[in-house]
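Per-entry structural report
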Amino acid sequence: MVTAILIGAGGRGRGAYGNWALQNKDKMNFVAVADPNEIRRNQFAEEHGIAENKVYKSWENILAQKKMADLCVIATQDQMHTGPALKALDLGYHVMLEKPMATTQEECYRISKKAEETGKQLWIAHVLRYTPFFATIKKALQEGEIGEIINIEHSENISYWHFAHSYVRGKWSCCEKSSPLVLAKTSHDLDILYWLADSEAEKISSFGNLSFYRSENAPPGATARCMEGCAVANTCQWYAPRVYLQAEPVLQIGMRSKYLYKRIIAWLALHHPMAVSFMGLFYPPLRILANRNLWPVSAITDDNTEESKYRAIKDGPYGRCVFYCDNDVCDNQVVNIEFKNGITASLRVHGMASYEGRWIRVEGSRGTLWGKFSIEDQQIHLYDHYQVRKKVLLNVDLDLSGHMGGDDGIMKAIADSLQSGKTDNSAVLTSGKTSLESHFMAFAAEKSRLENEVVLLDEMRNKVRKEAG
Ligand SMILES: NC(=O)c1ccc[n+]([C@@H]2O[C@H](COP(=O)([O-])OP(=O)(O)OC[C@H]3O[C@@H](n4cnc5c(N)ncnc54)[C@H](O)[C@@H]3O)[C@@H](O)[C@H]2O)c1
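Just so we're clear, the structure is a prediction, and the values are computed from it rather than from any experiment.

Moving on, we get to the overall build of the chain. Assigned secondary structure in the chain consists of 18 helices and 15 strands. Relative to the globule expectation of 23 Å for 469 residues, the C-alpha radius of gyration of the chain, 22 Å, shows essentially globular dimensions. On the principal axes, the C-alpha backbone points of the chain span a range of 60 × 55 × 45 Å. Counted over contacts in the chain with a minimum sequence separation of 6, partners at least 24 positions apart contribute 71%.

Okay, here's the thing in structure tokens:
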């Protein structure tokens, strides 16, 4: 049994990792928690049976104590990773740190170096590597299914409502307060490209801007807040009551399932929630649909009551018109990469999708691998140049699990590794050292975008190492 402490009991800390431990009580037990938000830290303590004297108000308090567990899970906001990560490693904890590792190259480097110096495991939550989808692609490429890899085309299509929730109204909308889109979101994708290409990046260029979610694109009659009598409320797909009270966009995903019964349940949840509530008496997981407490609805309040949700959109950030927010992160960006082994890759990210998900095409000397990674469905197809055949490597319908198996995958990997006593970083798929590379790629892309230049990665790596001594 692995013992753990949690720093930051928010969406990720409590929602993803805490819930995983509750479902895997034989593998991990949280023994202490820190969060300045009283409701969150108390909820977490209650759920995990944590003693009152092990509930702290901040990472500084919890890490001022002697080491009290094997693992420290750090799930604070982007700009609050470095302090707790360095301190936890110093205290002798193995650490699971949310991505991005940190918001500057220097801090990322310091964290990765500290893990090497202390000899403790550092897992960065680049959870995509732990999904069956990307693991299947990696295996196929390693086994030479398409021959030598020549080029990778990858896109991260963020739906209009997800993008608005996180990068227009939400916590990752301002670079100054969080981090640029290419780091906050796309560091996952850069990490996947680095992993699949199996080579460090040589050079990077990038373009991008904030083109759509701007005040000049507000339709006539739109008000600063949705519930202030907005004239386009009936037709606006971002209208906050539609997104957060009816949970319409997220329930619509289920209505596109290839299975009729899932389409019917999603339709009922949208139009007749009482019927689904009744069905929940026989199959309790359905209650979450009936109560419409799926993400992102669950992210706007701490208690998920109808009254709190209403207040949150009436007065809080999620009730703002998407055209009148203080957002400044890009809503569309492209990144071009040449790896040291000659593979080229292009990455596209944007916040305009109706159909959310990642698309990937890998072109090789002997064939093409094509993949679609979406909550709605996951598919991987292989085409061979020589034999006229198509192999289907994966075909999965609607998957509502955290990051389609990625959250479960990383937690299992951590628990298995610590339980087996193999605790050096060689057992870690996304160690600080590995993730440092994809973070460098993100910093290079942002530098290229802002300074109109092709960035040579070795120059960047050497500069950071030199300055850090
Ligand atoms: N791996 C992924 O795919 C993935 C997905 C979403 C978010 N993230 C990252 O996870 C991190 C957390 O995101 P979230 O959505 O859970 O955010 P959140 O805001 O819901 O949670 C952060 C928590 O940290 C707490 N906190 C603030 N100051 C603190 C302090 N001094 N000590 C201890 N706790 C403190 C806050 O009160 C809050 O409860 C972010 O860095 C985010 O970018 C990663």
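Let us keep going from here.
Turning our attention to the site of the ligand. Residues in contact with the ligand amount to 26 residues; listed here are only the nearest, Gly8, Gly10, Gly11, Arg12 and Glu98. Looking at which element gives the most residues to the shell around the ligand, the answer is helix H1 (residues 11–23), with three residues. When grouped by side-chain class, the residues that make up the shell around the ligand number ten nonpolar, nine polar and seven charged. Formed jointly, the shell around the ligand draws a minimum of three residues from each of two domains, domain 1 (2–126 + 408–429) and domain 2 (129–213 + 327–407 + 435–468).

Sheet architecture is open: nine strands sit in the order S14-S13-S12-S11-S7-S10-S9-S8-S15, paired in mixed fashion. The open sheet has two edge strands with one neighbour each: strand S14 (390–397) and strand S15 (455–456). Against the sheet, helix H9 (residues 187–197) engages strand S7 (149–159), strand S8 (201–209), strand S9 (332–339), strand S10 (344–353) and strand S11 (357–364), with an angle of about 160° to S7. Helix-sheet contacts for helix H17 (residues 432–451) involve S8, S9 and S15, and the interaxial angle to S8 is about 50°.

Pairing between the strands of a sheet is mediated by backbone hydrogen bonds and can be parallel or antiparallel. Pairing is parallel across the open sheet formed by six strands, whose spatial order is S3-S2-S1-S4-S5-S6. The sheet is open, and its two edges are formed by strand S3 (55–56) and strand S6 (122–124), each paired on a single side. Packing against the sheet, H1 makes contact with strand S1 (2–7), strand S2 (28–34) and strand S4 (71–74), and its axis sits at approximately 150° to S2.

One finds Val33, Val73, Ile74, Val95, Leu193 and Met441 to be the most contacted residues of the largest nonpolar core, which totals 133 residues. There are two domains that each give this core at least three residues, and those are domain 1 (2–126 + 408–429) and domain 2 (129–213 + 327–407 + 435–468). In this view, Val33 contacts Ile5, Leu6, Ala9, Arg41, Phe44, Ala45, Ile50 and Val55; residues no more than four positions away in its chain are not counted.

Per the domain assignment, the segments of the chain are domain 1 (2–126 + 408–429) and domain 2 (129–213 + 327–407 + 435–468). Each of domain 1 and domain 2 has a C-alpha centre, and the two are 26 Å apart. Contacts between the two partners involve 23 residues from domain 1 and, on the opposite side, 24 residues from domain 2. Among the elements that make up the side of domain 1 that touches domain 2, the one with the highest residue count is helix H5 (residues 105–118) (six residues). Residues that form the side of domain 1 that touches domain 2 fall into these classes: eleven nonpolar, seven polar and five charged.

Criteria and thresholds
- Residues numbered from 1 in each chain as written.
- Predicted model: local features only at pLDDT ≥ 70, side-chain atom pairs only at ≥ 80, totals over all residues.
- Helix = DSSP H or I, 4+ residues; strand = E, 2+ residues; numbered from the N terminus.
- Rg over C-alpha atoms; globule rule 2.2 N^0.38 Å.
- Contact = placed C-beta atoms within 7 Å.
- Near = placed C-beta within 6 Å.
- Nonpolar A, V, L, I, M, F, W, Y, C, P; charged D, E, K, R; others polar.
- Domains from an automatic or database assignment.
- Pairing = 2+ DSSP bridges.
- Axes fitted to C-alpha atoms, helices over the stretch in contact; angles between N-to-C directions.
- Core = buried A, V, L, I, M, F, W, Y, C linked by C-beta atoms within 7 Å.
- Buried ≥ 20, exposed ≤ 12 C-beta atoms within 10 Å, placed from the backbone.

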